[in-house]
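This is what each chain is made of:
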Amino acid sequence: MGSGLEDVGGGNGLRGMRERLALIEGTLELKPREGRGTSLSVRIPLVVREQQGGGIG
């Protein structure tokens, strides 16, 4: 049994998720889990921007 990425159609499936994550330098990882299905991990980088003017909000 594969990850399903090979059989993705033209919808908003795993390939679309991976493409959107790549735009923000994120990643999607699929790992088979013997007898327990598949694990999906998404990593999105956190960007902290400094506030100008020293105020909150």
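These numbers were taken from a predicted model, which means no experiment stands behind them. (Residues numbered from 1 in each chain as written. Predicted model: local features only at pLDDT ≥ 70, side-chain atom pairs only at ≥ 80, totals over all residues. Heavy atoms only, no water.)

S.K.: Describe in detail the pairing of strand 2 (residues 37-43), supporting the description with residues and values.
M.R.: The pairing of strand 1 (residues 27-33) with strand 2 spans seven bridges and is antiparallel. Looking across to strand 2, one finds that Arg 33 is bridged to Gly 37. Once strand 1 ends, the chain turns through three residues before running back antiparallel as strand 2, passing Gly 35 with a positive phi of about 70 degrees. (Pairing = 2+ DSSP bridges. Helix = DSSP H or I, 4+ residues; strand = E, 2+ residues; numbered from the N terminus.)

S.K.: Quick one: what's the story with the pattern of salt bridges, residue by residue and with numbers?
M.R.: Per the counting criterion, the structure on display carries one salt bridge. The salt bridge partner of Lys 31 is Glu 29, with a shortest N-O separation of 3.6 Å. The partly exposed category is assigned to Lys 31, whose relative accessible area is 45%. Residue classification places Glu 29 among the partly exposed residues on the basis of a relative accessible area of 35%. (Salt bridge = Lys/Arg side-chain N within 4 Å of Asp/Glu carboxyl O. Buried < 20%, exposed > 50% of the residue type's maximum accessible area, 1.4 Å probe, protein only.)

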